[in-house]
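Each chain is listed here by its residues.
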Amino acid sequence: MTTSPLDLSFVRAQFPALAGDWIFMDNAGGSQTLTRVADRIRDYLLTSNVQLGASYAVSRKSGARVADAHADIAELIGAARPDEVVMGGSTTALLYTLSAAMAEQIRPGDEIVVTNCDHEANIGPWRKLEEKGAVIRTWAVRPDSLELALDDLEPLLNGRTRLVCVTHASNILGTINPVADIARLVHRHGAKLLVDAVAYAPHRAVDVAGWDVDYYVFSFYKVYGPHFAVLYGKHEHLAALPSLNHYFIDRSVIPYKLQPGNVNYELAVGCTGIVDYLAELGERCGATGPRRARIEAAFDAIAAHEEALAERLLAYLRGRNDVRVIGHAAADRSLRVPTISFVVDGYRSDEVVSAVDQSMIGIRFGDFYAKRLVETLGLAAVNGVIRVSLVHYNTLEEVDRLIDALGSAMPQRR
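Because the structure is predicted, anything quoted here is derived from the model rather than measured. (Residues numbered from 1 in each chain as written. Predicted model: local features only at pLDDT ≥ 70, side-chain atom pairs only at ≥ 80, totals over all residues. Heavy atoms only, no water.)

## Comments concerning the overall build of the protein
Working step 1: Scanning the protein from N- to C-terminus turns up 15 helices and 13 strands.
Working step 2: A compact globule built from 414 residues would reach a C-alpha radius of gyration of about 22 Å, and the protein, at 22 Å, matches this within 12%.
Working step 3: On the principal axes, the C-alpha backbone points of the protein span a range of 70 × 50 × 35 Å.
Working step 4: Looking at the protein residue by residue over its 414 residues, the buried ones come to 57%.
Working step 5: Summarising the internal contacts of the protein: among those between residues at least 6 apart in sequence, 67% fall at separations of at least 24.
Working step 6: By element, 50% of the accessible surface of the protein is carried by carbon and sulfur atoms, the whole surface being about 16,400 Å². (Helix = DSSP H or I, 4+ residues; strand = E, 2+ residues; numbered from the N terminus. Rg over C-alpha atoms; globule rule 2.2 N^0.38 Å. Buried < 20%, exposed > 50% of the residue type's maximum accessible area, 1.4 Å probe, protein only. Contact = heavy atoms within 4.5 Å. Areas by Shrake-Rupley, 256 points an atom, 1.4 Å probe, with all protein chains shown as cover.)

## Here's the deal with the domain arrangement of the protein
Quoted interface sizes are often the accessible area lost when the parts come together.
Working step 1: Examined at the domain level, the protein breaks down into domain 1 (8-33 + 292-406) and domain 2 (37-274).
Working step 2: Relative placement of domain 1 and domain 2: their C-alpha centres are 25 Å apart.
Working step 3: Between domain 1 and domain 2, the residue contacts involve 41 residues of the former and 36 residues of the latter.
Working step 4: Looking at the side of domain 1 facing domain 2, the largest losses of area belong to R292, F299 and R372, adding up to 23% of the total buried there.
Working step 5: At the junction of domain 1 with domain 2, the criterion picks out two salt bridges.
Working step 6: With a closest N to O distance of 2.8 Å, E120 and R372 form a salt bridge. (Domains from an automatic or database assignment. Buried area = accessible area lost by both parts, 1.4 Å probe. Salt bridge = Lys/Arg side-chain N within 4 Å of Asp/Glu carboxyl O.)

## Some remarks on the side chain of R204
Working step 1: On the secondary structure map, R204 appears in the loop between β6 (192-196) and α8 (208-211).
Working step 2: Take R204: its relative accessible area is 11%, and that puts it in the buried class.
Working step 3: Engagement of the side chain of R204 in a polar contact is seen with the backbone oxygen of R333, the distance being 2.8 Å.
Working step 4: Ignoring anything within four residues of it in the chain, the contact list for R204 reads I176, F299, A303, E306, R333, R336 and V337. (Polar contact = N/O pair within 3.5 Å; in protein donor to acceptor, adjacent residues only side chain to side chain.)

## Regarding the pattern of salt bridges
Working step 1: Per the counting criterion, the structure on display carries 32 salt bridges.
Working step 2: A salt bridge links D7 to R284; its shortest N-O distance comes to 3.7 Å. Taken together, the residues D7 in the segment before α1 (8-13) and R284 in helix α11 (residues 272-284) connect sequence positions 277 residues apart.
Working step 3: Given a relative accessible area of 31%, D7 falls into the partly exposed group.
Working step 4: The salt bridge involving R333 is made with E307; its shortest N-O contact spans 2.9 Å.

## Considerations on helix α4 (residues 91-102)
Working step 1: Between its first and last C-alpha atoms α4 spans 16 Å; for twelve residues at 1.5 Å apiece the expected length is 16 Å, and the two agree.
Working step 2: On the buried face of α4, the contacting elements are β2 (85-88), α5 (124-127), β5 (161-167), β6, β7 (215-219) and β8 (229-233). (Expected span 1.5 Å × (residues − 1).)

## Focus on the environment of R364
Working step 1: Looking at the element boundaries, R364 is found in strand β12 (residues 364-366).
Working step 2: Along the sequence, R364 and V352 sit twelve residues apart, while their C-alpha atoms lie 9.3 Å from each other.
Working step 3: In contact with R364, other than residues within four places in its own chain, are D26, V353, V385, I386 and R387.
Working step 4: At a separation of 3.2 Å, a polar atom in the side chain of R364 contacts the side chain of D26.

Rendered as structure tokens:
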């Protein structure tokens, strides 16, 4: 799909925080929030903040708004039906919920595959199933390329494999994993695929049905919304899970059975603002037709802009002989998102970040809860990596300011 470039004036006007003095480049930790998201949260609380399920008009209106939120989010992620959308407070919470529900299906000797490069949210809940007798196998990144290779996954799969858990894009490496290819391989062995998309969803259109994933999860507070999250599951998979809600909420009540106490109504309604923003952005990039097509066009334009941002920074980092980029050193949008991690010879990562703070540019250091990867790479001793995580509202001028700040923070040592 051919799209026009992003209208950055329009984009930045949608995020009031960008009018302040700080430059935000810690977006993988949490993006800035759209005005229209905050407006919808406020409007819900002030006009329809009642319990659902009553017969009076305000309750019916409130219920319709929450139902519309499920439908909008289903459209955003390419789900076939709104009841395939489970919402909750965070990706971590939803994955622990799913793990607790799936525990009923696990028998001693059943196998689950996790990676060594995921956020711990997509490792820890599955390792807990060892208590049920599950066997955990690890799909590790290759030491030379830091990539997950399908050839390395195949030998881990067998007739006992029940679930494979993988990140769509690493929150440290920025590498995009081919989830459709992974899904085909996993399904060929009769297992299910769970994808953590927290680091992917801010940058590309999600298409859960097109990729044929079984479960897919991410957080809205990294996709320009509130502290809230979504878990997609194929309808037949969700239907087979037990209820984690009150005893009278049975298996058939999807998704409520996996949303104890129900969803946070106002945050669910607020998330509809993300969908409308992306659709309008797609229109401004020249797209017409169904809203889903306009959302896809918006993400095409976002990917092109973010590739330019990433290349500006990566070109600087590649030009230094004392910097090691952790992940792909080129900005190819088909291979990576603009979450860029690196280390610098002779510097601890916290030293560099603390110095950049003085320029009122927000970046970050650490392991970002991908602790197993940082330890595997031997980077814990330097306090993890320096991470710059860009999104589409960042500008080339901001990247240039960061480059200047980095140059001052880490002068090359002879």
